[in-house]
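Architecture and fold: a report
Each chain is listed here by its residues.
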Amino acid sequence: MENKKSDCRAVDIVTVEKVKKNMPDVKKLYDLSDFFKVMGDGTRIQLLWALEESEMCVGDLAVLLDMTKSAISHQLKILKMSKLVRSEKRGKNVYYTLDDQHIKEILKKSFEHISE
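Residues numbered from 1 in each chain as written. Predicted model: local features only at pLDDT ≥ 70, side-chain atom pairs only at ≥ 80, totals over all residues. Heavy atoms only, no water.

**Section: the overall build of the protein**
Check the secondary structure of the protein and you find six helices and three strands. Secondary structure of the protein in N-to-C order comes out as α-α-α-β-α-α-β-β-α. By the compact-globule yardstick of 13 Å for 116 residues, the protein is too spread out, its C-alpha radius of gyration being 20 Å. Structurally, the protein occupies a C-alpha span of about 60 × 30 × 20 Å along its principal axes. (Helix = DSSP H or I, 4+ residues; strand = E, 2+ residues; numbered from the N terminus. Rg over C-alpha atoms; globule rule 2.2 N^0.38 Å.)

Shown next, in the form of structure tokens:
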């Protein structure tokens, strides 16, 4: 099997074809890469970890992380656009929580991995 961009020939064509058949769509893999880029920010990880414990408003998150409300709001906007958190307005405050159980599981598994 020759590839137009690669300068190599397959050593084990059967394995290459098998793996190729099972590879997700390239767009999905780029979406996954973007997901990890969002998750790759220390402040956003702290926010996700806090929201895994409890829903919280911007002010409380700012106090918890010793940051400005503006900085927290900016990071929450990115997390919300990436569908990692959701919000609910109650009175003057907007409360944030993790968007779904998957996020909690990803955090837990990732933490287990780095703790080995």
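**Digging into the pattern of salt bridges**
On inspection of all chains with the given rule, the structure shows six salt bridges. For E52, the salt bridge identified is with K104, shortest N-O distance 4.0 Å. Separated by 52 residues along the polypeptide, E52 in helix α3 (residues 42–53) and K104 in helix α6 (residues 101–115) bring together distant segments of the chain. Residue class for E52 comes out partly exposed when judged on its relative accessible area of 24%. Using a relative accessible area of 31% as the deciding quantity, one classes K104 as partly exposed. We note a salt bridge from E55 to R90, for which the minimum N-O separation is 2.6 Å. Remark: R90 occurs in strand β2 (residues 85–90) and E55 occurs in the loop between α3 and β1 (56–57); sequence separation between them is 35 residues. Residue classification places E55 among the partly exposed residues on the basis of a relative accessible area of 36%. Counted as one network, the salt bridges with shared partners bring together E55, E88 and R90. (Salt bridge = Lys/Arg side-chain N within 4 Å of Asp/Glu carboxyl O. Buried < 20%, exposed > 50% of the residue type's maximum accessible area, 1.4 Å probe, protein only.)

**What to know about unusual backbone geometry**
Phi angles above zero are rare outside glycine, and D66 is one such case at about 55°. Along the chain, D66 turns up in the loop between α4 (58–65) and α5 (69–81). Although it is not a glycine, K83 adopts a positive phi angle of roughly 60°.

**Brief notes about the packing of α3 against α5**
In contact at an axis separation of 10 Å, α3 and α5 are set at 80° when each is read in the N-to-C sense. Put simply, α3 runs roughly perpendicular to α5. On α5, the residues that touch T43, R44, L47, L48 and L51 of α3 are I72, Q75, L76, I78 and L79. For the contact of α3 with α5, the per-class residue count stands at seven nonpolar, two polar and one charged. (Axes fitted to C-alpha atoms, helices over the stretch in contact; angles between N-to-C directions. Parallel < 35°, antiparallel > 145°, perpendicular 65-115°, else oblique. Contact = heavy atoms within 4.5 Å. Nonpolar A, V, L, I, M, F, W, Y, C, P; charged D, E, K, R; others polar.)

**Some thoughts on α5**
In this model, α5 (13 residues) spans 18 Å end to end at C-alpha, consistent with the 18 Å of a helix rising 1.5 Å per residue. Within α5 the residues assigned to the buried category are I72, Q75, L76 and L79. When α5 is viewed along its axis, its buried side chains cluster within an angular range of 100° and face the same direction. In α5, the exposed positions angled more than 90 degrees off the buried face are occupied by S70, K77 and M81. (Expected span 1.5 Å × (residues − 1). Arc of directions from axis to C-beta.)

**So, a nonpolar patch on the surface**
On the surface, a nonpolar cluster with roughly 450 Å² of combined accessible area is contributed by V19, M23, L29, L32 and F36. Of all the elements, helix α2 (residues 26–39) adds the most residues to the nonpolar patch, at three residues. Among the structural elements, F36 can be located in helix α2. (Patch = residues over 30% accessible without salt bridge, like charges linked within 9 Å, V, L, I, M, F, W, Y side chains within 5 Å. Areas by Shrake-Rupley, 256 points an atom, 1.4 Å probe, with all protein chains shown as cover.)

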